[in-house]
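Examination of the molecular architecture
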Amino acid sequence: MSVVYLMSVLIVAIALIVFLIMKVKLNAFVALTIAGLALGIAAGMPLDKVAVSFQTGMGNTLGFLATVLGLGTILGKMLEVSGGAQRLAQTLIKSFGERNAHWAMMVVAFICGIPVFFQVGFVLLIPVMFSIAKQAKMSLIKIGVPVVAALITVHAMVPPHPAALAVVNQLGADIGTVILLSLLVGIPAAILAGPIYGSFISSRAVANPPANLTIDEVIPEEKLPGFGITLFTILLPMLIMVSKTIVDLVSPKEAVYRGFVAFVGNPITALLISALFAYWSLGLARGMNMTQIGRITEECFKPIASILLIIGAGGAFNQVLQDSGIGKVLGEVLTGMNMSPVLMAWLIAIIMRFAVGSTTVAMITSAGIVLPLLSTMPGVNPAILCLAIGAGGIGLSHVNDSGFWIVKEYFGMSLTDTFKTWTAATTIASVVALAGTLAVDLVF
């Protein structure tokens, strides 16, 4: 099939999702399911493979995310119910000042996002965002956009994050150089897309979080847990995963303990350990009993049930896009264009991001497309191409990305407001990161 036809199918499928949700008022899960199946059929996939592809995408997405979101929600709920989120919010507001609370959250998210997937960092910081927004009397969007902008920027650009690390390995770049340059480029991107754009858009979009996702009452000061133990509890999964990354980098490949470290450092295991630790540090150690903790755990799952279905359907839609061959055809066309290597790497990545949804898939696919071209690009530093691919992997997130639906559902925004906040913020960060990469390329 022609490239024009496949691109038309993709555009129509995305428009169908928007139409079904906004005009027909269908649930997002149902709309994504209809559009995903229709896309597979229109793209010429064998009919017996379309539903199988959708099912595979649903399973692959939720196989990881359902566990991560479930464990992350437990940790977040313990932070919230114990007053840990309130303690963190108060301390950050005192340190930065109420007027700068959104800047404080961007810094926290940028640091916390380095070792964890976007979804993990987002769920961990949700109760802190809500608490700070309440105490600083700020819009949740003004607090939340800096968080998601920082998390997605780190997710795509900064090793040892898995997506960025995979690209570094594929292109044979020096990891130290990429880390240094990605921070140099990523921080301005997160600033412009986060606190600056978030402040602008906060009065033009509305957040209405699901009921029972957070508590409303303010816990008395004397009943709050200490700042130190609260901070350690929320950082524990990140510390575990960072430790695993360090061991991977410095230990011999034949070391017998690497398997154990890989097991403990897996996001699922790290979050399980952290959730159990939170049961003690924020629960048992503060006078709760296991009956209370069990009830809190059970209650915290209810608000995320519909969220999980929508996220899974977004992943399933993404899988049908990949299996239909649209991504492969796009890559072949883009490599035939005559342009700057840096701009080409960014363009391939951002179009792949638009087409397949997943930042990780888009970046790894883009690296595979760019790799054979390196031999034809004398003098091009592979580290610069890593930055360009990472920058492209940030932008144009929309309805085929699970991150889009996580932000939409947790913030309780309309589809239009999610485009105005999340999609716009990711695209701003992507363009700013490209500009930074082009500037760095002039020096290196």
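Higher on the page you've got the structure.
Right, let's walk through the structure included here. Being a predicted model, the structure only gives us computed values, none of them experimental.

A word on the packing of aromatic side chains. A complete count under the given rule lists nine aromatic pairs for this structure. When the centroid spacing of 5.7 Å and the interplanar angle of 50 degrees are considered together, the rings of Phe-277 and Trp-280 count as tilted. Pair noted here: Phe-277 and Trp-280 are both in helix H12 (residues 267-281), with a separation of three residues, about one helical turn. Every member of this aromatic cluster is reached through a ring pair, and the members are Phe-118, Phe-122, Tyr-410, Phe-411 and Trp-422.

The next subject is the packing of helix H5 (residues 101-113) against helix H6 (residues 118-135). Interaxial distance between H5 and H6 falls to 11 Å at its minimum, and their mutual angle equals 170 degrees. It follows that H5 is roughly antiparallel to H6 by the angle criterion. Contact with H5, carried on its side by Ala-101, Met-105, Val-108 and Ala-109, involves Leu-125, Val-128, Met-129 and Ile-132 of H6 and no other residues of that element. Taken together, the residues of the contact of H5 with H6 sort by class into eight nonpolar, no polar and no charged.

Let us now look at the nonpolar core. Formed by 139 residues in total, the largest nonpolar core has its most connected members in Phe-122, Met-129, Ile-389, Trp-405 and Phe-411. Considering each element in turn, this core owes the most residues, 13 residues, to helix H7 (residues 140-157). Among residues more than four places away in sequence, those in contact with Ile-389 are Val-167, Leu-171, Ala-345, Ala-349, Met-363, Ser-366, Ala-367 and Val-370. Counting five residues, the second largest nonpolar core, distinct from the first, contains Leu-236, Ile-240, Met-241 and Val-264.

Following the sequence through the fold, Asp-323 ends up in helix H14 (residues 305-323). The exposure class assigned to Asp-323 is partly exposed, which follows from its relative accessible area of 39%. A polar contact is formed between the side chain of Asp-323 and the side chain of Ser-53, at a distance of 2.6 Å.

Basis of the calculations
Residues numbered from 1 in each chain as written. Predicted model: local features only at pLDDT ≥ 70, side-chain atom pairs only at ≥ 80, totals over all residues. Heavy atoms only, no water. Phe/Tyr/Trp six-rings, centres within 6.5 Å; stacked < 30°, edge-to-face > 60°. Helix = DSSP H or I, 4+ residues; strand = E, 2+ residues; numbered from the N terminus. Axes fitted to C-alpha atoms, helices over the stretch in contact; angles between N-to-C directions. Parallel < 35°, antiparallel > 145°, perpendicular 65-115°, else oblique. Contact = heavy atoms within 4.5 Å. Nonpolar A, V, L, I, M, F, W, Y, C, P; charged D, E, K, R; others polar. Core = buried A, V, L, I, M, F, W, Y, C linked by side-chain atoms within 4.5 Å. Buried < 20%, exposed > 50% of the residue type's maximum accessible area, 1.4 Å probe, protein only. Polar contact = N/O pair within 3.5 Å; in protein donor to acceptor, adjacent residues only side chain to side chain.

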